[in-house]
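Secondary and tertiary structure notes
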Amino acid sequence: MPTISVITGPVRFHAVFPDWHAPQPLCWFFTEQLLEARAASAWPTNGNRPDEDVNVYLGNLLEEFVTGHRITVPGAAPLERPPAKDGSRRTRAAYYRAAADHRLLALGLYDRGDLVRRRRTPWGRTADETRRYDLETGRRCYDLAANLLSGRGGAWAGLAPVLGKLADGFDDYVQVLAVLARRKFGLGAVLDQAQLAGLMRNPAVAASTATMDDLLDLMNTWRATPDPELADRIDTTARRLGVDPACLGLAAEG
């Protein structure tokens, strides 16, 4: 007959890891931060459906992102140039999954459709059109990966439902990662109107955070309407970026 032990005194627990001050798995950190961000977002865990499995997936995805992210292709290339059909279903699913993972992280953490193309908003599209296009690309890639893995066995058996949830709630998971980026990781500058106005009035300060895209945009604006003040901004921006202003040919064109 089994023996029944009665516990008396204060309730105690035993940690899985004896020393909690020792280094812990990086995935644990990201998962903890994600759970806190979800609690503060418009779509908390299990808000519409049971999705603890998605939290586990996203925690591992964030760890992978900082330790060696998979390279993908820009824009809608995953849909326009799909993998060869003579490959296995798992190989094709991995292709679409990598593309969807990249877009989820790029849109959520950096508000960019992907981190491969040079411009945030391609020529010929507005910012809103680009965002809708990128969201749909990410959603469809997850959906294709989930369909390709559906019914598969082995180690991939539990992945298809997770990818299906990511496809169904792609926009919401992007929003969750955006909350994580802003409130936990501090990504994205927050400026009030006075700070923004001061930044715009000071070309040297504006140029200190400029990118090559900014320089090219300034050049295009200057060619349309040459202006001495704009030329000074271009000169300052070019020097900040290590570009010789003489190579830009502003004097010759002006």
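Coordinates for the structure precede this section.
Anyway, here's the lowdown on the structure attached to this text. (Residues numbered from 1 in each chain as written. Predicted model: local features only at pLDDT ≥ 70, side-chain atom pairs only at ≥ 80, totals over all residues. Heavy atoms only, no water.)

1. As for the packing of helix 5 (residues 127-149) against helix 7 (residues 170-183)
- Remark: helix 5 packs on helix 7, axes separated minimally by 9 Å, with the N-to-C direction vectors making an angle of 110°. Compared by their axis directions, helix 5 and helix 7 come out roughly perpendicular. The handedness of the crossing between helix 5 and helix 7 comes out as right-handed. The residues of helix 7 that touch helix 5, namely those facing Arg131, Leu135, Gly138, Arg139 and Tyr142, are Phe170, Asp171 and Val174.
- A per-class count over the contact of helix 5 with helix 7 returns four nonpolar, one polar and three charged. (Axes fitted to C-alpha atoms, helices over the stretch in contact; angles between N-to-C directions. Helix = DSSP H or I, 4+ residues; strand = E, 2+ residues; numbered from the N terminus. Parallel < 35°, antiparallel > 145°, perpendicular 65-115°, else oblique. Left-handed = near helix turned anticlockwise from the far one by under 90°. Contact = heavy atoms within 4.5 Å. Nonpolar A, V, L, I, M, F, W, Y, C, P; charged D, E, K, R; others polar.)

2. Points about the environment of Pro82
- Within the secondary structure, Pro82 sits in the loop between helix 3 (77-80) and helix 4 (89-110).
- Classification of Pro82 as partly exposed rests on a relative accessible area of 45%.
- Distance from Pro82 to Tyr96, taken between C-alpha atoms, is 8.4 Å for residues 14 residues apart in sequence.
- If we ignore the near neighbours within four places in the chain, the residues touching Pro82 are Ala77, Tyr95 and Tyr96. (Buried < 20%, exposed > 50% of the residue type's maximum accessible area, 1.4 Å probe, protein only.)

3. Looking at the nonpolar core
- Ranked by size, the top nonpolar core spans 39 residues in total, and within it Tyr57, Leu58, Leu104, Tyr142, Leu163 and Leu166 carry the most contacts.
- For this core, the elements supplying multiple residues, two or more each, are helix 1 (26-39), helix 2 (52-68), helix 4, helix 5, helix 6 (159-168) and helix 7.
- The contact partners of Tyr142, leaving out residues within four places of it in the chain, are Tyr57, Leu61, Arg97, Ala100, Asp101, Leu104, Leu163, Leu166, Ala167 and Phe170.
- Ranked by size, the runner-up nonpolar core spans nine residues in total, among them Leu215, Leu218, Met219 and Leu230. (Core = buried A, V, L, I, M, F, W, Y, C linked by side-chain atoms within 4.5 Å.)

4. So, the packing of aromatic side chains
- If you walk through the whole model with that rule in mind, you get four aromatic pairs.
- Here the basic side chain of Arg125 rests over the ring of Tyr133, its NZ or CZ set 3.9 Å away from the ring centre. (Phe/Tyr/Trp six-rings, centres within 6.5 Å; stacked < 30°, edge-to-face > 60°. Lys NZ or Arg CZ within 6 Å of the ring centre and 35° of its normal.)

5. Things to note about a nonpolar patch on the surface
- A contiguous nonpolar patch, built from Leu26, Phe29 and Val66 and spanning about 250 Å² of accessible area, is present on the exposed surface.
- Counting through the fold element by element, Val66 comes out in helix 2. (Patch = residues over 30% accessible without salt bridge, like charges linked within 9 Å, V, L, I, M, F, W, Y side chains within 5 Å. Areas by Shrake-Rupley, 256 points an atom, 1.4 Å probe, with all protein chains shown as cover. Salt bridge = Lys/Arg side-chain N within 4 Å of Asp/Glu carboxyl O.)

6. What to know about helix 6
- Taking burial as the measure, the 10 residues of helix 6 include eight buried ones, the bulk of the element.
- Residues of helix 6 that are buried include every one of Leu159, Ala160, Val162, Leu163, Gly164, Lys165, Leu166 and Ala167, and no others.
- Contacts made by the buried residues of helix 6 are with helix 2, helix 4, helix 5 and helix 7.

7. Things to note about the pattern of salt bridges
- Scanning the entire structure with this criterion turns up seven salt bridges.
- Arg117 serves as the salt-bridge partner of Asp114, at 3.2 Å between the closest nitrogen and oxygen.
- Its relative accessible area of 15% is what places Arg117 among the buried residues.
- Salt-bridge contacts for Glu136 lead to Arg139; the nearest nitrogen and oxygen are separated by 2.7 Å. In this pair, Glu136 and Arg139 are both assigned in helix 5, three residues apart and thus about one turn of the helix distant.
- With a relative accessible area of 29%, Arg139 lands in the partly exposed category.
- Connected through shared salt-bridge partners, Asp114, Arg117 and Asp134 make up one network.

Structural measurements only, silent on function.
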